[in-house]
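# Chains, contacts and geometry: an overview
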There are 2 protein chains.
Amino acid sequence: MQNGFDHASTNEIVKEAQISKGSLFNYFNNKKDLYVYLFEYSVQIIEQLYEQIDLNETDLFERLENIGIQKLYIHKKYPHVFDFLATSMQEESTEVKEFIKGKVEAIYDRGTKIIYQDIDYSKFREGLDIEKAIEILNWTMFGFGDKAIQQISSFENIGEFGEQYLKEWKSYAEILKFSFYK
Amino acid sequence: MQNGFDHASTNEIVKEAQISKGSLFNYFNNKKDLYVYLFEYSVQIIEQLYEQIDLNETDLFERLENIGIQKLYIHKKYPHVFDFLATSMQEESTEVKEFIKGKVEAIYDRGTKIIYQDIDYSKFREGLDIEKAIEILNWTMFGFGDKAIQQISSFENIGEFGEQYLKEWKSYAEILKFSFYK
DNA sequence: AGTATGTTGACCAATGTGGTCATTAGTGCT
DNA sequence: AGCACTAATGACCACATTGGTCAACATACT
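A brief look at the structure comes next. (Residues numbered from 1 in each chain as written. Chains lettered and ligands numbered in written order. Predicted model: local features only at pLDDT ≥ 70, side-chain atom pairs only at ≥ 80, totals over all residues. Heavy atoms only, no water.)

Attention now moves to the overall build of chain A. Each helix and strand counted, chain A has ten helices and zero strands in total. Put simply, chain A runs from its N terminus to its C terminus through helices and strands in the order α-α-α-α-α-α-α-α-α-α. Principal-axis analysis of the C-alpha atoms places the extent of chain A at approximately 60 × 40 × 25 Å. For chain A, long-range pairs separated by at least 24 residues make up 72% of all intrachain contacts whose partners lie at least 6 apart in sequence. Split by element, the accessible area of chain A, about 10,700 Å² in all, is 51% carbon and sulfur. Seen as two clouds, the 21 positive and the 31 negative side-chain charges of chain A have centres 1 Å apart. (Helix = DSSP H or I, 4+ residues; strand = E, 2+ residues; numbered from the N terminus. Contact = heavy atoms within 4.5 Å. Areas by Shrake-Rupley, 256 points an atom, 1.4 Å probe, with all protein chains shown as cover. Lys, Arg positive; Asp, Glu negative; His and termini not counted. Charge placed at Lys NZ, Arg CZ, Asp CG, Glu CD.)

Neighbouring DNA strand D are 14 residues, the closest being A:Ser9, A:Thr10, A:Lys21, A:Lys31 and B:Tyr27. Looking at DNA strand D alone, sugar and phosphate atoms form 55% of those within 4 Å of the protein. Between a phosphate oxygen of DNA strand D and a side-chain N or O atom of A:Ser9, the distance comes to 2.9 Å. Within the contact set of DNA strand D, a phosphate oxygen lies 2.8 Å away from a side-chain nitrogen or oxygen of A:Asn11. Every element with two or more residues in the surface near DNA strand D is listed here: helix 2 (10–17) and helix 3 (21–27) of chain A together with helix 3 (21–27) of chain B. (Near = heavy atom within 4 Å. Polar contact = N/O pair within 3.5 Å; in protein donor to acceptor, adjacent residues only side chain to side chain.)

Facing 23 residues of chain A, the contacting portion of chain B comprises 23 residues. A buried area of about 2,200 Å², summed over both sides, lies between chain A and chain B, and 70% of it is on carbon and sulfur atoms. The tally of links between chain A and chain B comes to two salt bridges. Notably, a salt bridge pairs B:Glu135 with A:Lys147, separated by 3.0 Å at the nearest N-O pair. At the surface where chain A touches chain B, the tally comes to eleven residue pairs in polar contact (both at pLDDT 80 or more). Looking at the side of chain A that touches chain B, the element that brings in the most residues is helix 9 (residues 130–152) of chain A, giving nine residues. Split by residue class, the side of chain A that touches chain B holds ten nonpolar, six polar and seven charged. (Buried area = accessible area lost by both parts, 1.4 Å probe. Salt bridge = Lys/Arg side-chain N within 4 Å of Asp/Glu carboxyl O. Nonpolar A, V, L, I, M, F, W, Y, C, P; charged D, E, K, R; others polar.)

So, on to helix 10 (residues 158–180) of chain B. Across its 23 residues, helix 10 of chain B extends 31 Å between first and last C-alpha, which sits within 8% of the 33 Å expected from 1.5 Å per residue. Listed in full, the buried residues belonging to helix 10 of chain B are B:Phe161, B:Gly162, B:Tyr165, B:Trp169, B:Tyr172, B:Ala173, B:Ile175, B:Leu176, B:Ser179 and B:Phe180. Looking at the packing, one finds that the buried side of helix 10 of chain B touches helix 9 and helix 10 (158–180) of chain A together with helix 5 (60–77) and helix 9 (130–152) of chain B. Between a side-chain oxygen at the N-terminus of helix 10 of chain B and the backbone nitrogen of B:Gly159 the separation is 2.9 Å; the capping residue is B:Asn157. (Expected span 1.5 Å × (residues − 1). Buried < 20%, exposed > 50% of the residue type's maximum accessible area, 1.4 Å probe, protein only.)

What follows is about the packing of helix 4 (residues 31–51) of chain A against helix 6 (residues 81–88) of chain A. Residue and element names in this part refer to chain A. Packing of helix 4 against helix 6 brings their axes to within 9 Å, and their N-to-C directions diverge by 120°. Looking at the two axes, helix 4 sits oblique to helix 6. Crossing angle aside, the handedness with which helix 4 passes helix 6 is left-handed. Here helix 4 contributes Tyr 35, Leu 38, Phe 39, Ser 42, Val 43, Ile 45, Ile 46 and Leu 49 to the contact with helix 6, which in turn contributes Val 81, Phe 82, Phe 84, Leu 85 and Ser 88. (Axes fitted to C-alpha atoms, helices over the stretch in contact; angles between N-to-C directions. Parallel < 35°, antiparallel > 145°, perpendicular 65-115°, else oblique. Left-handed = near helix turned anticlockwise from the far one by under 90°.)

Geometric values such as these leave the question of function open.
Below, the structure written as structure tokens:
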């Protein structure tokens, strides 16, 4: 995730993971296999997130709020999954480029499709460019998410953090609702 | 910028830069000197940006709009300056870590101090949490900036792009003003 | 004790590392 | 053209790191 495929040496990996070189190559035939495994693992985690989305919730803010919390919990459990996929998208190494090609984009596309499915857009005020409004909402959610992740390590109790996170987010959401909703 | 100090090999650098190894080490004593030069060069570019800020403009949206355009032009001229400093902040290499230490943060702090100097906050509606509003504004500016940068390469004429960029940004700004201003 | 499974790190050939320097190419001047 | 000077080159160096192997060891269970 930090260095990309070519510059991620197995020596560094085993040192960081505190396992021996032999053990790594006992479980994986080669470096590429390890990468592929990690990639597919990350994909699977994100697919799980998609499946947990409640499509009966038609309010956009509520929907995104739920996803945000899920994401937070996933990030606590698997801290590098999202970053790994994000960086894999701009992987330069010829050895894995072919394998990745288009896969991440496809997942993101599927994600946005699900996330915005069956949303009740009649709640938005007239004269508003809804697409742009959603972009703004997305950007502030990402921004807020990043901010939260930086603070997450200072909290022991994830549940407690989740509550405070939710409460704080609601005040940001309120500001945007003021402009977005009727 | 892509690999960090340790994993940025001089071989790769000269290949990418299309110069010979000898030429690189004719102008720089060693790899660290090159890094330090690049760092200070980037800092200088950003300082220039700060100096161009018009402090007589007290409207926050106008102020940020001007800075956004300046940033866009800088990005066109020096495409990696901002990314270089952003990644240098999380540089792990012991060889340059000490040199960077705190410098980037200091520059960012100075930046935010200047950017929000003498802003007329009386324009904001009552009951609004101004700090949070500014965060939202920042996040959407970053988001919009990223989006613009991805499109910038497809434009030949930077001036033309700047105009379209500005026009599009104004419609985002309008949505936020609806919530922020009286 | 014996077997099966998991883990280790010294070791390997191959490649890559930051850096050097004698040689060559290019430029400007007379 | 000839000369002087600067700038660019890439083969070369000693050494470090690379992905990957494998015989030896540790542990757990019957």
